[in-house]
Amino acid sequence: MRMTNDIEQEVNRIRREIYEETKNLTPEQRVERTRRITDPIVERYGLTVIASTKDDPRLQTR
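Residues numbered from 1 in each chain as written. Predicted model: local features only at pLDDT ≥ 70, side-chain atom pairs only at ≥ 80, totals over all residues. Heavy atoms only, no water.

### Comments concerning the overall build of the chain
- Counting secondary structure elements, the chain contains 2 helices and 0 strands.
- Compactness check: the chain gives a C-alpha radius of gyration of 17 Å against a globular reference of 11 Å for 62 residues, more than 25% above the reference.
- Its C-alpha atoms give the chain principal-axis dimensions of roughly 45 × 30 × 30 Å.
- For the chain, the residues scored as buried account for 6% of the 62 residues in total.
- Carbon and sulfur atoms make up 53% of the accessible area of the chain, which totals about 6,200 Å².
- Computed over 13 positive and 12 negative side-chain charges, the separation of the two mean positions in the chain equals 3 Å. (Helix = DSSP H or I, 4+ residues; strand = E, 2+ residues; numbered from the N terminus. Rg over C-alpha atoms; globule rule 2.2 N^0.38 Å. Buried < 20%, exposed > 50% of the residue type's maximum accessible area, 1.4 Å probe, protein only. Areas by Shrake-Rupley, 256 points an atom, 1.4 Å probe, with all protein chains shown as cover. Lys, Arg positive; Asp, Glu negative; His and termini not counted. Charge placed at Lys NZ, Arg CZ, Asp CG, Glu CD.)

Quick look at the structure:
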């Protein structure tokens, strides 16, 4: 189907773009980039960010 191919091509283009933007970043720079992108979303929707599922007992596996 043509529509599926168009969507897949767009997703692949976005993946390549993100890869090019991030390929030379240090882990610290990746964290900063992620926070810069996600902080406005977290604030807008009142989300709670946790560093790991280990930090929240509600998310522990039994």
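Next comes the rest of the description.
### Structural notes on the pattern of salt bridges
- Applying the stated criterion to the full structure yields 4 salt bridges.
- Here E10 ties to R13 by a salt bridge, and the two come within 2.8 Å at their closest N and O atoms. Separated by 3 residues within a single helix, E10 and R13 lie in helix 1 (residues 2-22), roughly one turn from each other.
- Of the residues examined, E10 reaches a relative accessible area of 38% and is grouped as partly exposed.
- Across the salt bridge formed by R33 and E21, the nearest N and O atoms sit 3.0 Å from each other. Of this pair, R33 sits in helix 2 (residues 27-45) while E21 is found in helix 1, placing the two residues 12 residues apart along the sequence.
- The class for R33 is buried, based on a relative accessible area of 18%. (Salt bridge = Lys/Arg side-chain N within 4 Å of Asp/Glu carboxyl O.)

### As for the side chain of T22
- Mapping T22 onto the fold places it in helix 1.
- Residue class for T22 comes out buried when judged on its relative accessible area of 8%.

### Section: helix 2
- With 19 residues, helix 2 should reach 27 Å at 1.5 Å per residue; the first-to-last C-alpha distance of 26 Å fits that figure.
- Taking the largest bend as the criterion, helix 2 deviates by roughly 40°, centred on T38, and proline P40 comes between one and four positions later.
- Two residues or fewer past helix 2, G46 is found with a positive phi of approximately 65°. (Expected span 1.5 Å × (residues − 1). Bend = angle between axes of the 7 residues up to and from the residue.)

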